[in-house]
Amino acid sequence: MTETMTMAKALNAGLAAAMDADDRVLLMGEDIGRLGGVFRVTEGLQERFGASRVLDTPLAESGIVGSAIGLAMRGYRPVVEIQFDGFIFPAFDQITTQLAKLTARHEGGLQLPVVIRVPYGGHIGAVEHHQESPEAYFAHTAGLRLVSPATPHDAYWMMQQAIASSDPVMFFEPKSRYWPKGEVDLDEAGISLHASRVVRPGTDVTVVGHGAMVSMLIDAATLAEEEGTSIEVVDLRSLSPIDYGPLLESVRRTGRLVVAQEAPGNVSVGSEIAATVSERAFYSLEAPVVRVSGFDTPFPPAKLEGAYLPDVDRILDAVDRSLAY
């Protein structure tokens, strides 16, 4: 059965399905209960499952994650929400020094099935600490899995797959994609949690991104096609681990790669992709890997976000530079 829904609704449905399937799944976060979350992703879930499974917490991210670690050690499968991307740093120590390390510290004898939901990224006209892309900090940390859906279908299924994982999963939700609608196949995920995939075939240049960048890459490919350039778009989906198979196959066909992300470019996921593709597909490349990213500055005031964040024009400029090499 297929339904059309927003990503926010798909995430809500995915959470509900996981809670129906396993009584050990519970939700925690600031204002996620009665209010239903800032973006209404958890709307109606407290009424449906009760306040003992959908908990409104104090404004204390370190306490939220620390409590989730303790609950996981007692056999629960907590899903915690960080209200905005920039609010995650009070919990950074708990995530990187405890959550990421405890399984290895216990030589695999302790599992920590914690999912941390992180609404992230720009394009919503918000202020500093509300539009950031901190994924590289956590992708760098061994012991954490990181994923980011680009469509409602992936949001619905990846949420359930993340909750079913025995390892901690950072679930980065692109805020600007909460409201556009898409089809969701409620019967079949179609792909595993950490698999990347080609979402638009092409022959001249490969472009890759994750989260909100994927729809922008598809828009860029549509415009480029009108001018006779065929762009292949790869949706990364998982940032740790990264599934390089489809990406490398694509680059070996096209000979060119453009990596796009909202996060700053310095020491980023895009940097890692560029380095790895250069190492593993060097003799297939007809041009250097080109990166398109946010600038290496703090996120600017909302009125300047259009100048800071990558857009279709910057992506197409990168494609032109790759083709001209």
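Structure first, text after, so check above.
Residues numbered from 1 in each chain as written. Predicted model: local features only at pLDDT ≥ 70, side-chain atom pairs only at ≥ 80, totals over all residues. Heavy atoms only, no water.

Enquirer: Tell me what's going on with the nonpolar core, and back it up with residues and numbers.
Expert: By size, the foremost hydrophobic cluster in this structure holds 44 residues, and its most contacted members are Ile-95, Ile-116, Met-170, Leu-247, Leu-257, Ile-273 and Val-277. Among the elements that take part in this core, helix H3 (residues 61-73) stands out by supplying five residues, more than any other. Aside from chain neighbours lying at most four places away, what touches Val-277 is Leu-247, Leu-248, Val-251, Leu-257, Phe-282, Leu-285 and Val-289. One finds Met-19, Ile-32, Tyr-156 and Phe-171 within the second-largest nonpolar core, a separate group that totals 35 residues. (Core = buried A, V, L, I, M, F, W, Y, C linked by side-chain atoms within 4.5 Å. Buried < 20%, exposed > 50% of the residue type's maximum accessible area, 1.4 Å probe, protein only. Helix = DSSP H or I, 4+ residues; strand = E, 2+ residues; numbered from the N terminus. Contact = heavy atoms within 4.5 Å.)

Enquirer: Talk me through helix H8 (residues 213-226); I want residue IDs and the actual numbers.
Expert: Relative to the 20 Å expected for 14 residues at 1.5 Å per residue, H8 spans 20 Å between its end C-alpha atoms, a close match to the ideal helical length. As for H8, its buried residues are in contact with strand E9 (197-200), strand E10 (205-209), strand E11 (231-235), strand E13 (257-264) and helix H12 (312-324). Directly beyond the C-terminal end of H8, a positive phi value near 90 degrees is found at Gly-228. (Expected span 1.5 Å × (residues − 1).)

Enquirer: Could you give an account of the sheet that holds strand E6 (residues 145-147), with specific residues and numbers?
Expert: If you trace the seven strands from one edge of the open sheet to the other, you get E3-E2-E4-E5-E7-E6-E12, paired in mixed fashion. A strand with exactly one partner marks an edge of an open sheet, and here the two such strands are strand E3 (54-56) and strand E12 (238-240). Averaged over all adjacent pairs, the angle separating strand axes in this sheet is 20 degrees, with direction ignored. Sheet analysis places strand E2 (residues 25-29) next to E3, joined by three bridges and oriented parallel. Bridge pairing in E3 places Gly-29 opposite Asp-56. Packing of helix H1 (residues 7-21) onto the sheet brings it into contact with E2, E3, strand E4 (77-81), strand E5 (115-120) and strand E7 (169-174), and relative to E2 it is tilted by some 135 degrees. (Pairing = 2+ DSSP bridges. Axes fitted to C-alpha atoms, helices over the stretch in contact; angles between N-to-C directions.)

Enquirer: So, the side chain of His-194: which residues are in play, and what are the values?
Expert: When you line up the elements, His-194 lands in the loop between strand E8 (181-185) and E9. Here Ser-238 takes part through its side chain, which lies 2.8 Å from a polar atom of the side chain of His-194. If we skip the residues at most four places from it in the chain, His-194 touches Arg-145, Val-147, Ser-238, Ser-240, Pro-241 and Asp-243. (Polar contact = N/O pair within 3.5 Å; in protein donor to acceptor, adjacent residues only side chain to side chain.)

Enquirer: Please give an account of the sheet that holds E10 that cites residues and values.
Expert: The five strands are arranged E9-E11-E10-E13-E14 in an open sheet whose pairing can be described as mixed. Edge positions in the sheet fall to E9 and strand E14 (290-294), since each of these pairs with one other strand and no more. Mean inter-strand twist for the sheet, computed between neighbouring axes without regard to direction, equals 30 degrees. Of the pairings in the sheet, the one linking E10 to E11 comprises five bridges and is parallel in character. Bridging across to E11, Val-207 finds its partner in Val-233. Lying over the sheet, helix H10 (residues 269-280) contacts E10, E13 and E14, oriented at roughly 160 degrees with respect to E13.

Enquirer: Please give an account of the environment of Leu-146 that cites residues and values.
Expert: Position of Leu-146 among the secondary structure elements: in strand E6. The spatial distance from the C-alpha of Leu-146 to the C-alpha of Pro-168 is 8.8 Å, given a sequence separation of 22 residues. Discounting chain neighbours no more than four positions away, the residues touching Leu-146 are Glu-135, Phe-138, Ala-139, Met-170, Phe-172, Ser-238, Leu-239 and Ser-240.

Enquirer: Tell me what's going on with the pairing of E4, and back it up with residues and numbers.
Expert: With five of five residues buried, E4 is to be regarded as a mostly interior element. Neither face of E4 is left uncovered, since the one carrying Arg-77, Val-79 and Glu-81 and the one carrying Pro-78 and Val-80 both have all their residues buried. Looking at chain direction, E2 and E4 are connected through five bridges and run parallel. Its bridge partner lying in E4, Met-28 is registered against Val-80.

Scope: geometric values only; no functional claims are made or implied.
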